[in-house]
Amino acid sequence: MEPTTYAAAHAASLADPDAFWAVQARQLQWFQEPPRPVLSQDADTGFYRWFRGGQLNTAYLCLDYHVANGRAGQVALVYDSPVTQTLRRYTYEELLNLTARFAGGLRALGVEKGDRVIIYMPNMPEAVVAMLACARLGAIHSVVFGGFAPHELAMRIDDAQPRLIICASAGIEIDKVIPYKPLVDEAIRQATYQPAHVVVLQRECATAELHAPHDVDYQQLLQAEPVDAVPVDATDLLYILYTSGTTGKPKGVVRDHGGHAVALKYSMSAIYGVQPGETFWAASDIGWAVGHSYIVYGPLLHGCTTVLFEGKPVRTPDAGTFWRVVQDHQVRVLFTAPTAIRAIKKEDHEGALARKYDLSSLRYLFLAGERCDPATYDWAGQTLGVPVVDHWWQTESGWPMLATMVGLADVPPPRAGSAGHPVPGYDVQILDEAGQRVPADTTGLVAVKLPLPPGCLPTLWRNDARFQHGYLTTFPGYYFSGDGGYQDEEGYLYIMGRVDDVINVAGHRLSTGEMEELLAAHPAVAECAVLGIACELRGQVPVGLVVLKDGQTISEELLEKELVQRIREQIGAVACFRQAAVVKRLPKTRSGKILRKTLRHLADGDDFTVPSTIDDPVILDEIRQVMSRHKMGLAFDKPETRLSS
Ligand code: COA
Ligand code: AMP
């Protein structure tokens, strides 16, 4: 019998992962059932694989299955777009028809199983259709977040080598329209690999000039005859999603069809406690893992209604927009990032806008993407009157690793500051640098004992070596998350932040290593450090400290402008890199390592002890003065980073 309490489920999943996930796999309709054992290891790499030998199709499970099983007329997707003042609802049958036709159109352009397709679109139903159509054909999609600049898109084009790119003519931000087609054209110009076509969805706000036969109108593809879902192996890839690593080159996290579908289906009821037919809203972007898993695949696999929101938590039109959406679409579970709540709180501290709407449909607010500070956690709980669940995951896992599993019985209640307990399948441990478990309440490195459960990345796109080195060699037998944290006496886990060169800006994951590479390439810069300093709105923001080459006379003001522009052009506006200052020297250890953590503490106003390994402690005083002059960080009262100002 399947365990129903949290403790029993977690214990069973670790005692016999094969049996646990074989049971969960039965929740899906397979074209070919996976044989036991459902967990295996690759002979050459030793990497784990789930459900080898099974055949299914994720788009089939998201659409055809429900149409054939009584949900044809149920709303599958609600598109709520305050930025275009549009509200559209698609039933499962309508979404299936669009997807099957669009898949036919893609096939006519030569897209076949295993081909890659890049999607560069904002939160629009046509983007969801494009993702599902790729899945239907067994093609591998790679959605690129619209806030990334052409250079980032070009890197992804060269790495994924897509047969074609699907884009919208424009994205709409709070107070501006951003034409996307010129960005795609520029990315293709910069890339070495050349996709055969660009499929463009024309938007009224900014239509793009199309050059046939290379550019194709999105609507033209919908004229094609519908095609059936192609059976794929459970281990075949559904998508590649690039995420920031510690270097300039993003990592292509891959997701398989089988493990992903099983894990997401399980998570919808066990973690989020939603039933088929109910409305689930992940207020994220399809460009992020949260959007893939919980705007598109999870809710549709589960037969829910999903909300696709094109807007921001504030100023579209006001800080009550989230609560209006909850009311209008009877949202059961809302999932967003703490930054969104902080932005709302900043504009509606008393929660007056929340009281304007009927929020009685809402059962839980789930938060993830960055550490949730207790003040935000408490404000959300008081304002909404529902339990707030902070849960922890990464692009790599694709679904939560720590949570309060509201769908299971006897689950320890959520607690401010903690991301909860390990989800079944995850043996989360806090280790010291030598790989030994640390005692309770001691901060260490967060690792997960192998095997990872279904849904997690099996490797990186065409880069087994980077997967091995990036995640598996730090602690043999474990996946290393890159996060630091601790576990308390009662077993609650606390994720305190990254221990590598990755930062979280408004829940968006960015690499300070990449930013340093870009700053260092400026002709005036001898060396530099980019730090993720605390920001009360966005959690963290990057700032740069640069040392000039000898003899450089560029003014500090002009240099800052050029460096800010450089990051904006190369990574994108989403990086929120807005400050850079010149320093005489950077603090280093005697072995030459820049003491970035110490610099961060300085900017954040934390108490810290000056590391004994520092080569010259006087440098810190010099830098303190520079930061103060530039109002760089909470310690120096930078107004933009303060909510209370
Ligand atoms: N396409 C193009 N540009 C984009 C973009 C997109 N999809 N997303 C963001 N940008 C741009 C913005 O226009 C802005 O540009 P600017 O510097 O010219 O003003 C910049 O990137 C920073 O964007 P953002 O951080 O979104 O700032 P904002 O002021 O527009 O909004 C918040 C602030 C807090 C409301 C917003 O960051 C937010 O909603 N955060 C929550 C994020 C979230 O849900 N993350 C979940 C991931 S799981
Ligand atoms: P991403 O891959 O973009 O989802 O970012 C993953 C990173 O976000 C993790 O490694 C953490 O640093 C951070 N993160 C995600 N969820 C949480 C959380 N609930 N608490 C603290 N940090 C989180």
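This text gives an overview of the structure that appears in the document. The numbers attached to residues start from 1 for each chain and follow its sequence in the written order. Chains and ligands are labelled sequentially in the order written, the chains with letters from A and the ligands with numbers from 1. The model is predicted, so local features are restricted to residues of pLDDT at least 70 and side-chain atom pairs to those at 80 or more, both for listing and for counting; the totals for chains, interfaces and linings are taken over all residues. In computing side-chain values, all of the structure's heavy atoms are included and hydrogens and water are not.

**Some points on the site of ligand 2**
Around ligand 2, a shell composed of 14 residues is seen, among which Asp390, His391, Thr395, Asp483 and Arg509 lie nearest. At 3.4 Å, a backbone N or O of arginine 371 approaches a nitrogen atom of ligand 2. Protein burial of ligand 2: of its 500 Å² of free accessible surface, 94% is covered by the chains. In the scheme used here, Gly and all other residues not listed as nonpolar or charged are polar, with Ala, Val, Leu, Ile, Met, Phe, Trp, Tyr, Cys and Pro taken as nonpolar and Asp, Glu, Lys and Arg as charged. When the residues that make up the shell around ligand 2 are grouped by side-chain class, the tally is three nonpolar, five polar and six charged. For each residue, the test is whether any non-hydrogen atom lies within 4 Å of the molecule or strand; if one does, the residue is near. In the analysis that follows, any N or O atom pair within 3.5 Å is treated as a polar contact, provided that within protein one partner can donate a hydrogen and the other can accept it, and provided that, for residues neighboring in sequence, both atoms belong to side chains. Note that accessible areas follow from Shrake-Rupley with a 1.4 Å probe, and for residues the cover is restricted to the protein chains shown.

**Digging into unusual backbone geometry**
In the segment running from arginine 36 into proline 37, the intervening peptide bond is cis, with an omega of -10°. In this structure, the amide linkage connecting leucine 450 to the following residue, proline 451, adopts the cis form with an omega of 5°. The backbone of alanine 506 sits at a positive phi, close to 55°, despite the residue not being glycine. Positive phi, normally seen in glycine, also occurs at lysine 631, with a value near 50°. Each helix is a run of H or I in the DSSP string that is no shorter than four residues. Each strand is a run of E no shorter than two, and both are numbered from the N terminus. With respect to the element layout, lysine 631 can be found in the segment after helix 19 (618-630). Only protein chains enter the accessibility calculation, which uses a 1.4 Å probe. A residue is then buried if its area is under 20% of the maximum for its type, exposed if over 50%, and partly exposed in between. Looking at lysine 631, the relative accessible area reads 42%, which means it is partly exposed.

**Section: the site of ligand 1**
Within the structure, ligand 1 sits among 28 residues, and Glu173, Lys312, Arg538, Arg568 and Arg578 are positioned closest to it. One nitrogen or oxygen atom from the main chain of alanine 506 is found 3.5 Å from a nitrogen atom belonging to ligand 1. With respect to ligand 1, the backbone of valine 574 contributes an N or O atom lying 3.3 Å from an oxygen atom. A class-by-class count of the residues in the shell around ligand 1 yields 15 nonpolar, six polar and seven charged. Boundary definitions for the domains trace back to an automatic or database domain assignment. Among the domains, domain 1 (6-311 + 391-485) and domain 2 (506-644) are the pair contributing at least three residues each to the shell around ligand 1.

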